[in-house]
Structures are given as C-alpha cells and as structure tokens.
Amino acid sequence: MGFFDFVTNAGKSLLGMGNDAEAIKKEIEDSFEELPVDGLVVEVNEDSVLLAGVAKDFATREKAILIAGNVEGIAQVNADQLVTMEMIASSTEPDAEPITIPEEIFYSIVKGDTLWGIAQKFYDDGSKYTHIVDANIEVIKDADLIYPGQTIRIPEVIA
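Residues numbered from 1 in each chain as written. Predicted model: local features only at pLDDT ≥ 70, side-chain atom pairs only at ≥ 80, totals over all residues. Heavy atoms only, no water.

A. Structural detail: the environment of A75. Take A75: it is sitting in the loop between α2 (58-69) and β4 (76-84). The sequence separation of A75 and T8 amounts to 67 residues, and the corresponding C-alpha distance is 4.7 Å. The residues contacting A75, other than those within four sequence positions of it, are F4, D5, F6, T8 and D47. (Helix = DSSP H or I, 4+ residues; strand = E, 2+ residues; numbered from the N terminus. Contact = heavy atoms within 4.5 Å.)

B. Geometry of the sheet that holds strand β1 (residues 3-5). Across the sheet, four strands lie side by side as β1-β4-β3-β2; this open sheet has mixed pairing. Whereas interior strands pair on both sides, the edge strands pair on one side only; in this sheet they are β1 and β2 (37-45). Ignoring which end each strand starts from, the neighbouring axes of this sheet average 20 degrees apart. In terms of strand pairing, β2 meets strand β3 (residues 48-55) through seven bridges, oriented antiparallel. Paired with V44 across the strands is V49, a residue of β3. Against the sheet, helix α1 (residues 20-30) contacts β2 and β3, and its axis sits at roughly 145 degrees relative to β2. Strands in contact with α2 are β1, β2, β3 and β4; relative to β4, the strand with the most contacts, it is inclined by about 155 degrees. (Pairing = 2+ DSSP bridges. Axes fitted to C-alpha atoms, helices over the stretch in contact; angles between N-to-C directions.)

C. Spotlight on the layout of surface pockets. In this model, the largest pocket occupies a volume close to 220 Å³. Along the walls of the largest pocket sit K12, E27, I67, N70, V71, E138, V139, K141, D142, L145, Y147 and Q150, which together make up its complete lining. Of the residues contributing to the lining of the largest pocket, the split by class is five nonpolar, two polar and five charged. (1 Å grid on protein atoms, 1.4 Å probe; cavity = no way out; pocket = protein on both sides within 12 Å on 5 of 7 lines; lining within 4 Å. Points joined across faces, edges and corners; volume = space filled by probe spheres on them. Nonpolar A, V, L, I, M, F, W, Y, C, P; charged D, E, K, R; others polar.)

D. Quick peek at the packing of α1 against α2. Two elements in contact, α1 and α2, have axes whose closest approach is 9 Å; the angle formed by their N-to-C orientations is 135 degrees. Here α2 runs oblique to α1, going by the angle between their axes. As α1 packs across α2, the resulting crossing turns out to be right-handed. Seen from α1, the contacting residues are I24, E27 and I28; seen from α2, they are A64, I67 and A68. Residues that form the contact of α1 with α2 fall into these classes: five nonpolar, no polar and one charged. (Parallel < 35°, antiparallel > 145°, perpendicular 65-115°, else oblique. Left-handed = near helix turned anticlockwise from the far one by under 90°.)

E. Inspection of the packing of aromatic side chains at higher detail. The final tally for this structure, using the stated rule, is three aromatic pairs. Note on Y107 and F122: the rings are 5.6 Å apart at their centroids and 80 degrees apart in plane angle, and the pair reads as edge-to-face. You can see Y107 sitting in strand β5 (residues 106-108) and its partner F122 sitting in helix α4 (residues 115-123), a full 15 residues away along the chain. (Phe/Tyr/Trp six-rings, centres within 6.5 Å; stacked < 30°, edge-to-face > 60°.)

F. Region of the structure containing unusual backbone geometry. The phi torsion at E46 lies on the positive side, around 55 degrees, for a residue other than glycine. Checked against the element boundaries, E46 lands in the loop between β2 and β3. With a relative accessible area of 71%, E46 lands in the exposed category. In the Ramachandran plot, D124 falls in the positive-phi region, its phi being about 60 degrees despite a non-glycine side chain. With respect to the helices and strands, the residue D124 is situated in the loop between α4 and α5 (129-135). Since its relative accessible area comes to 65%, D124 is described here as exposed. (Buried < 20%, exposed > 50% of the residue type's maximum accessible area, 1.4 Å probe, protein only.)

That's the geometry; what it means functionally is another story.
Structure, rendered in structure tokens:
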C-alpha cells in the first residue's frame, strides 16, 4: 500500500537543479488550487521519494503520489507516512468502523496508448476517457498530450 513504482526515464524534468525535495514539494503544491496536504514533507534519496503529511482525502493522496512519481529520475514513491483524515480517525477511535482504503489502480502509459483506448480497456467504453482526465488533472494538463512512461490513476466510474 505504501510503495509505488514508476518509470525512471519518463516524466517532468525537475531534479538536479537545486533542492530536489523542494522542487517536488512545489510541484505538488502548485498542482492544486488549495494546499492539498497538511504538513507536506518530501524527502528525495537518489531515485526514491518519501511523502508524509495528511491529505484531505484518498484522491488527493493518490494525486500527490502520481505527481511525485511522474518526475524524471524517480523510480519509487514511499507513501506510508502520507495519510488521510479517514485513516487517522479509524486508527484512533476505538469504536470506529474499519476503514476500507480504495484500491489504487495506476497505469503506466505505453507507446501508442490513447486516453480513449485506456478507457476502453478499463471501462469497456472509450468515451469515458474524461473520467481519467478529470482524475488526473494535476498530471494530464492536456488530454491530447500523454506520453510513454507517464503513470496515471484509473478512477472507479460510477454509472
């Protein structure tokens, strides 16, 4: 649940221009309209990133993981310390219902992929590609520009 693998030689070029951790942290913060993670901590160790903090929800947690992982030179993101309020509540309240953490479905784009084709693969309906774009707006800035090696999340589509 906490370690996520990414394609090292794909993604946004942010590393090697100063403080790598600050560059990734800024990329995460700038990708959202409001600060998505309270107490966001980013540590970079060679090709790994550690994320810590409290995300407002599971979707925000997943997006932060994707933004960090879609940086050229990053092979793995450790999100064990990136939690949500729901995760905290279920671990501290004795009578709390056990929390069901949504299964993260990440997909690494390969040469020749289109968002229509990816939606067809996961939803049996290519026209649902907009759900993928909406769930990855911080990673996919233009629905016509995806690239091999980029990792995106595949959201659950409800009817």
